[in-house]
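Descriptive structure summary
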Amino acid sequence: MAVLDRYESLIDDYGAFRAACERPLPSVVRVNTIKTTVERARRALAASDVETDPVDWHSGLFRLPSDSAGANWPYFHGWLHGQEEVSAVPATVLDPAPGERVWDACAAPGSKTTQLAALMDDAGLLVATDNNLGRLSALRSNAERLGVTNLAVTNEDARTFSLAPFDGEPFDRALVDVPCSCEGTIRKNPDALDDWSIDHVRGIAGVQKGILRRAVQATRPGGTVVYSTCTFAPEENEAVLDHVLDAETCRLVDYDLPLDHSPGVAAWDGATFDPAVGKTKRIYPHQNDTGGFFCAKLEVGG
Amino acid sequence: MGDDGANGADSGADGTREGDVDGSAGPPTNDGQRFDRLPATADERTVPGRPTRAAVLDWWDERFGIPPEAFADHTFWERGAGKVWAFRGTVPTPARIEGLGITALRTRQEHWKPTTNAAQRFGGAATRNVVHLDRDRAARFARGEDQPLDRDGDWGYLIVTHDLAGDPEPIGVGLYLHGELRSQIPKGRRRDL
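Residues numbered from 1 in each chain as written. Chains lettered and ligands numbered in written order. Predicted model: local features only at pLDDT ≥ 70, side-chain atom pairs only at ≥ 80, totals over all residues. Heavy atoms only, no water.

Overview of the packing of helix H7 (residues 198-217) of chain A against helix H8 (residues 238-247) of chain A
Geometry of a packed helix pair, given as the angle between the helix axes and the separation of the axes. All names here are of chain A. In plain terms, the rule: Axis definition: a line fitted to C-alpha atoms, over the contacting stretch in the case of helices. Angles run 0 to 180 degrees between N-to-C directions. Helix and strand definitions follow DSSP, with helices as H or I runs of at least four residues and strands as E runs of at least two, each counted in order from the N terminus. Angles are sorted into four bins: roughly parallel if under 35 degrees, roughly antiparallel if over 145, roughly perpendicular if 65 to 115, and oblique for all others. Helix crossings get a hand from a simple test, with the near helix turned counterclockwise from the far one by less than a right angle marking a left-handed crossing and a clockwise turn marking a right-handed one. Contact between two residues is taken to exist if any of their heavy atoms lie within 4.5 Å; hydrogens are not considered. In this count, Pro and Cys sit with the nonpolar residues alongside Ala, Val, Leu, Ile, Met, Phe, Trp and Tyr, while Asp, Glu, Lys and Arg are called charged and the others, Gly among them, polar.
Close contact between H7 and H8 brings their axes to 9 Å; oriented N to C, the two are set at 40°. Considering their axes alone, H7 and H8 lie oblique with respect to each other. In terms of crossing hand, the pair formed by H7 and H8 is right-handed. Facing H7, whose interface residues are Ala205, Gln208, Lys209, Leu212, Arg213 and Val216, H8 presents Ala239, Val240, Leu241, His243, Val244 and Ala247. Of the residues assigned to the contact of H7 with H8, the class counts are eight nonpolar, two polar and two charged.

Written out as structure tokens, the structure is:
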């Protein structure tokens, strides 16, 4: 975990941060409102003798005893989906409405995709793209178990995504939850940092820029793009936004986030960023006893 | 959106393919690599053996009493021989993509078979050929076990339900045959509950 020391200057209570990174994560499920209601899911879990702790910022999330997430009736019925608490953030920030056209650019294995579908009440066009066919198969089986029927799935590199199968019409909203160095998943995957290298961070940042640019291009003027990662590295967060703000016609916008968080950083490793990156939000593990996360909201157009 | 026939641009476009491997220009066949929207009716069918939207709606209605209105917002597509997908909305046909809605039904065989996921998603509206199981029998069904079943009526596929949080909820599909209810829950979805 020595890699994380590079962020000591960014984090107010670095000791608490490191201590949180050492602790395992609670098991969390999201209620799938395409198939049931939050109240009915709670009753079904109680009938299966599974204890639930509510998550105060999101009524559809429950913390469960760690061994029971997938072995109960409501899960079997597709009423529940295991999803880490901070992983539920970007879909709520994108906030799609029923009937809209929405793109999930890096969708597999589909936790956020199926959450988007639920926010859309399974109505409107939801396109899920991933470049990994094996992971797409996991996405498909999750979507089928959760009863998501408004989903079209494509297998391609999001950087060169084609709108052709969808009438060439742009999207109202896009979620860009990119592949990243995953530093913020250290509580779930203790080996997440084993293969960390600055070359990997720099390399994947180039991919992230390409995907975010394509998402801005594929979204209509006035539409919304949400960019998120599960990493702390500014190279993959604020620096990516700084690049895309310059290269595409879009702007960062502020948003409400009912979790403790810190603003995006304005400078890192000798570089300074567009001051608008202060509107992005960083979630550190010690702030809410969750994984780590980064989330930014963009409006497309001048 | 509920009626394929209302969208003239789509009808007739299903499954056209240039000849066969030997160069003869036979009738178009199903292409397993793409989604083709089902023709509204037999009159609009160009791919032999492809089910029609009308037949799919009739089948759910006749077999399970699920009215056509339950699928008013859904279009039906074939990818993979006889595999029918239900998609809420529409996209241009054919669609060379990896997924479109959920797999709903196996056709191109004598007895059409609904999928577990379609039974869960749409089966709550079923009024016939439904069997309701108590707690222990539902658990056996979810494990994939066969069990005795006393029932009037012909053999065939049934929608299997149990009570969950106070109301009946569809679990999946059972095959009723020779006094037995055979669980059709796919191996990967079986659970010991």
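A look at unusual backbone geometry
Using the following cut-off: Only protein chains enter the accessibility calculation, which uses a 1.4 Å probe; a residue is then buried when its area is under 20% of its type maximum, exposed when over 50%, and partly exposed in between.
Here the bond from alanine 108 of chain A into proline 109 of chain A is cis, since omega is 0°, no more than 30 degrees from zero. Tracing the sequence through the fold places proline 109 of chain A in the loop between strand E5 (101-104) and helix H5 (111-119). Proline 94 of chain B follows threonine 93 of chain B through a cis peptide bond whose omega is 0°. In the Ramachandran plot, aspartate 289 of chain A falls in the positive-phi region, its phi being about 55° despite a non-glycine side chain. For aspartate 289 of chain A, a relative accessible area of 27% puts it in the partly exposed group.

Side note on the interface of chain A and chain B
How large an interface is tends to be reported as the accessible area lost when its parts come together. To be explicit about the condition: Reported buried area values correspond to the accessible surface (1.4 Å probe) lost by two parts on association, with both partners' losses combined. By salt bridge we mean one thing: a side-chain nitrogen of Lys or Arg within 4 Å of a carboxyl oxygen of Asp or Glu. We call two N or O atoms a polar contact when they sit within 3.5 Å, provided that within protein one can donate a hydrogen and the other can accept it, with sequence-adjacent residues counted only if both atoms are side-chain atoms.
Each side of the interface is counted separately: chain A has 39 residues, and chain B has 35 residues. Overall, the association of chain A and chain B removes approximately 2900 Å² of surface from exposure, summing both partners, and the carbon and sulfur fraction of that is 58%. It is Trp73, Phe76 and Glu144 of chain A that lose the most area in chain A upon contact with chain B, and together they represent 26% of the buried surface on that side. Taken together, chain A and chain B are joined by two salt bridges. Notably, a salt bridge pairs arginine 40 of chain A with glutamate 169 of chain B, separated by 3.3 Å at the nearest N-O pair. The tally of links from chain A across to chain B stands at 21 residue pairs in polar contact (both at pLDDT 80 or more). Sorting the residues of the side of chain A that touches chain B by element identifies helix H2 (38-47), helix H3 (73-76), helix H6 (133-145) and strand E7 (151-155) of chain A as the ones contributing at least two each. Among the residues forming the side of chain A that touches chain B, the class breakdown is 20 nonpolar, ten polar and nine charged.

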